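# Inside the fold
Here's the letter readout for the chains.
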Amino acid sequence: MSKFIFVTGGVVSSLGKGISSAAIGRLLESRGLKVTLIKCDPYINVDPGTMNPFQHGEVYVTEDGAETDLDLGHYERFTNAKITKDNNITTGKIYYSVITKERKGDYLGKTVQIIPHITDEIKHCLKKAASEQKVDVAIVEIGGTVGDIESLPFLESIRQLRLELGHDYAMNIHVTLVPYLKSAGEIKTKPTQHSVGTLRQIGIMPDIIICRTERVLSKDSKEKIALFCNVDEDAVITAVDVKSIYEVPGMFKRQNLDNLIVRRLNLKCDKSDLNNWENSVIKRLKHSKKGVEIAVVGKYITLQDAYKSIYEALTHGAISNEARLIIKKVDSEDIEKDGVRKYLSGVKGILVPGGFGNRGIEGKIQAIQFARENNIPFFGICLGMQTAVIEFARNVCGLKQANSTEFDKTTKYPVISLLDEQKEVENKGATMRLGAYECVLKKGTKAHSAYKHTNVFERHRHRYEFNNKYRNVMEDKGMVFSGFHPKASLVEIIEIKDHPWFISCQFHPEFKSKPDNAHPLFRDFIAAALS
Ligand code: GLN
C-alpha cells in the first residue's frame, strides 16, 4: 500500500510548495523509492486549459494529453514519476464527477453534500492515482493557502485520509513564510505560528515545517517555531532562497529531510545517493563560465510563469553545454513599435514560444525574419513554428498576404489552417490536439541529428496545423520538412536548409526536458548559439 505525504502551504501563496514537493520526490527517489506527485487545485475550472496565462501561468501538458497546473512540470523535471491526467485534481473535476453521478442516480435517496460526497470523491481520486501507479510514496500538494475557503474540502479529505490510513501511512508537511523585517532587523515567526494554528483548527498537525526565508534561521528561531507549532526542532527545515531551484533537493538533504520522512513513515529503503544530480546539474550550473544570451520573444514576457517550461528547458540546454544562460525577455509588441534591432542585436539565439490570438504576431514575424536573414540560431515552438511558416511564405515565397486562419479567416494564402475535424468543434475545454503524438524524422536533417532516432513522441497543444497545400512551394524555396505525424501526414518539424540552425516544431519539446537530461532540440539550439 502506498504511503502519503500531504504538503500544505501557509501565510502567502507562491512559496514554492511545488518545488518543495518535487524536491522531496527527488530525495525519496535518491533512496530507491518509487514516488508519484499529485496536485490538488481548489479552483472550479475543470482544468486550467481555458485560463489566460495572466490568471494561471503556463498550462502544462502531460503525455496522456491533460492540460494541467505548471507544478506538474516541476514534478516531471525533478523526478521520474509517471505524471498523467490523474495527477491533477481540481475542485471543478471533483464536482463534475459528483454531479454526473448524482444525475445518474448513484446517490438515490440521499442529500449530496460536501462531506461525505465531495470529500469521498477526493479521497477516491488520491488513492486511485497512488495505487494505479503502484508507488511507495504519493506526495500530495494542496494548492492555495491554509485559511482559504476554497481549499477546505481538500484539507478535510487529507485529514480523514490520515486517520483512515494510520500513523505510519500518512504525514503532513507545512510550507510557510518566515519573513525578515528589515526595520526590526529580525525574522518573524508569528505568521507561521498562526498558520499552523489554523491548520490545527481543521484537525491537521504538521510533522515537518518547511520555512521559506531570506535568511538562515537561527537556533533560537527554530526552537521557537518548534515549541509553538508542536514539532521537533530538527523538523523545522530552513528553505532559504537559492539561485537555482535545482539546489533545493541538496539543501533539504543537508538538513536530513529525507531521513525525517523515512523514519516518520517507517519506509524501507536504500541510503541516499544524490551524487548524479549534484554532479550533472548543480556543479555545471555553478561552474559554467561562458555566457549565452537567448532572446525569448513572446507576449506574456512580464509574467514569471507564462513560459516556465521554456525557460527551464533553455536552462537544461545550457547545463548540457556547460554554459551560463542569460535570457532576454522581449515583448513582441515592443518590436512592432521600435523595430527588431533595438531588442535583438547581439543576441546569440532567438526563440519564439507558443501562444494564442493575434496580439503581437507581427512582432514575432519580424523577429523570425531577423533571425533567418542574419543567420542567428532560431527555435520556434508551436505558434513559433506557425509564425515561422508565415514569415517564410511572405518573405521568401512571395505570398505577401500569407497568414494563419486563426488571425485572418479570409486570408488569400492560408499557410496555417484548421483541419476539417477541428472546424466542427464547438466547446473550448480539452478540444485541442493534445498530448503525445508520434513524429517520424527524416534522415539527414538537423532534427534527426539532434534526436538520433527516426521515431519520437512529442506533446501537443494546438488547433491549427501547417497547410500541406503549400508544402511544394516552400520546399522549392529551401524549407525542409523534417518531421511528420505519420497517420495524417501532418507537418511536425520544419528547418531551413541554408541556415546554421533554424528549427521549428508544432509540438512542445519543453515539456520533456530535464535538468540532467536536456531535450535534444534545446541542447542543440544552445550549442548552435554558442558556436
Ligand atoms: N494558437 C495556435 C494554435 O492553436 C498555437 C498554439 C500554441 O502555440 N500552443 O494552433
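Look above for the structure.
What comes next concerns the included structure. (Residues numbered from 1 in each chain as written. Predicted model: local features only at pLDDT ≥ 70, side-chain atom pairs only at ≥ 80, totals over all residues. Heavy atoms only, no water.)

## Let's talk about the sheet that holds strand β13 (residues 324–331)
If you trace the 9 strands from one edge of the open sheet to the other, you get β13-β12-β14-β15-β23-β22-β21-β18-β19, paired in mixed fashion. Because the sheet does not close on itself, it has two edges, and the strands there are β13 and β19 (455–462). Within the sheet, the average angular offset between the axes of one strand and its neighbour, ignoring direction, is 25 degrees. On top of the sheet, helix α12 (residues 308–320) reaches β12 (291–298), β13, β14 (349–352) and β15 (378–381); it is set at about 150 degrees to β13, its chief contact. (Pairing = 2+ DSSP bridges. Helix = DSSP H or I, 4+ residues; strand = E, 2+ residues; numbered from the N terminus. Axes fitted to C-alpha atoms, helices over the stretch in contact; angles between N-to-C directions. Contact = heavy atoms within 4.5 Å.)

## Some remarks on empty space enclosed by the protein
Scanning the model with the defined rule gives 1 cavity of 30 Å³ or more in all. In this structure, the largest cavity is lined by G355, F356, C382, L383, Q386, E406, R461, H462, R463 and Y464. When contributions to the lining of the largest cavity are tallied by element, the ones reaching two or more residues are α16 (383–395) and β19. (1 Å grid on protein atoms, 1.4 Å probe; cavity = no way out; pocket = protein on both sides within 12 Å on 5 of 7 lines; lining within 4 Å. Points joined across faces, edges and corners; volume = space filled by probe spheres on them.)

## Details of the site of the ligand
The environment of the ligand is made up of G354, G355, F356, C382, L383, Q386, E406, R461, H462, R463, Y464 and H508. H508 has a polar side-chain atom sitting 3.3 Å from a nitrogen atom of the ligand. Surface burial for the ligand is 98%, taken as the share of its 290 Å² of free accessible area covered by protein chains. Under a 2 Å grid-point criterion requiring more than half of the atoms, the pocket assigned to the ligand is the largest cavity. (Near = heavy atom within 4 Å. Polar contact = N/O pair within 3.5 Å; in protein donor to acceptor, adjacent residues only side chain to side chain. Areas by Shrake-Rupley, 256 points an atom, 1.4 Å probe, with all protein chains shown as cover. Sits in = over half its atoms within 2 Å of the grid points.)

## Considering the nonpolar core
Among the nonpolar cores identified, the biggest contains 58 residues, and I5, I24, I208, I210, F252, L257 and I261 are the most heavily contacted of them. Here this core takes 6 residues from helix α1 (residues 17–29), the largest share from any one element. Not counting residues up to four positions away in its chain, the partners in contact with I5 are I24, L28, V137, A138, I139, V140, M171, I173, I261 and L265. V297, I335, V415 and I496 belong to the second largest nonpolar core, which has 42 residues in total. (Core = buried A, V, L, I, M, F, W, Y, C linked by side-chain atoms within 4.5 Å. Buried < 20%, exposed > 50% of the residue type's maximum accessible area, 1.4 Å probe, protein only.)

## Quick look at the sheet that holds strand β20 (residues 464–466)
If you walk across this open sheet you meet the 3 strands as β16-β17-β20, and the pairing is mixed. Looking at strand neighbours, the two that pair on one side only are β16 (402–404) and β20, the edges of this open sheet. Direction aside, neighbouring strands of the sheet carry axes that sit 30 degrees apart on average. Where β16 meets strand β17 (residues 413–418), 3 bridges bridge the pair, whose relative direction is parallel. Bridged to A402 within β17 is Y413.

## Quick look at the pattern of salt bridges
Taken as a whole and judged by the stated rule, the model has 36 salt bridges. A salt bridge links R31 to D258; its shortest N-O distance comes to 3.2 Å. Placement of R31 in the loop between α1 and β2 (35–41) and of D258 in helix α10 (residues 257–264) is noted, with a sequence separation of 227 residues between them. Note on R31: relative accessible area 10%, which makes it buried. The residue E186 makes a salt bridge to K188 at a minimum N-O spacing of 3.1 Å. Given a relative accessible area of 39%, E186 falls into the partly exposed group. You can call K188 partly exposed: its relative accessible area is 29%. The structure contains a network of salt bridges with shared partners spanning K39, D41, D69, D71 and E141. (Salt bridge = Lys/Arg side-chain N within 4 Å of Asp/Glu carboxyl O.)

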